[in-house]
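Breakdown of the fold
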Amino acid sequence: MSTSDSSPPDGAAADGPAPDRRPLIVFAWVWVGAPLAYGLYELVQKATQLFTG
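These lines cover the structure that appears in this document, whether it is placed above or below. (Residues numbered from 1 in each chain as written. Predicted model: local features only at pLDDT ≥ 70, side-chain atom pairs only at ≥ 80, totals over all residues. Heavy atoms only, no water.)

1. Examining the overall build of the protein chain
Regarding its fold elements, the protein chain presents 1 helix and 0 strands. Each of the 53 residues in the protein chain was classed as buried or not, and the buried ones make up 0%. (Helix = DSSP H or I, 4+ residues; strand = E, 2+ residues; numbered from the N terminus. Buried < 20%, exposed > 50% of the residue type's maximum accessible area, 1.4 Å probe, protein only.)

As structure tokens, then:
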């Protein structure tokens, strides 16, 4: 049994290059990172108030 299938192993279309997803990745990181950074900033502020009086 021969496997002479020339399709890409990851299931991508063979008719052209894959779309550039870098803007989507950057947007996703900002979408998650901005609230996370704000939350950490608020945490440090509250912890400082709690332990310093």
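Next comes the rest of the write-up.
2. What about helix H1 (residues 22-52)?
End to end, H1 covers 43 Å across 31 residues, agreeing with the expected 45 Å (1.5 Å per residue, within 8%). At Gly33, H1 shows its largest bend, some 25°, and a proline, Pro35, comes one to four positions later. In the stretch just after H1, Gly53 is the one whose phi turns positive, near 105°. (Expected span 1.5 Å × (residues − 1). Bend = angle between axes of the 7 residues up to and from the residue.)

3. Quick word on the pattern of salt bridges
Scanning all chains against the criterion turns up 1 salt bridge. Note that Arg22 and Asp20 form a salt bridge whose closest N and O atoms lie 3.0 Å from each other. Side by side, Arg22 and Asp20 carry an identical accessibility label, which is exposed. (Salt bridge = Lys/Arg side-chain N within 4 Å of Asp/Glu carboxyl O.)

4. Notes on the packing of aromatic side chains
Tallying each qualifying case throughout the model produces 1 aromatic pair. Summarising the aromatic geometry, the rings of Phe27 and Trp31 are spaced 5.6 Å apart at their centres and angled 40° between planes, so their arrangement reads as tilted. Highlighted residues: Phe27 and Trp31, both in helix H1, separated by 4 residues, approximately one helical turn. (Phe/Tyr/Trp six-rings, centres within 6.5 Å; stacked < 30°, edge-to-face > 60°.)

5. Comments concerning a nonpolar patch on the surface
Side chains of Leu24, Phe27, Trp31 and Val32 sit close together on the surface and give an oily, nonpolar patch of about 490 Å² of accessible area. The topology assignment puts Val32 in helix H1. On the basis of relative accessible area, Val32 is assigned to the exposed category, the value being 51%. (Patch = residues over 30% accessible without salt bridge, like charges linked within 9 Å, V, L, I, M, F, W, Y side chains within 5 Å. Areas by Shrake-Rupley, 256 points an atom, 1.4 Å probe, with all protein chains shown as cover.)

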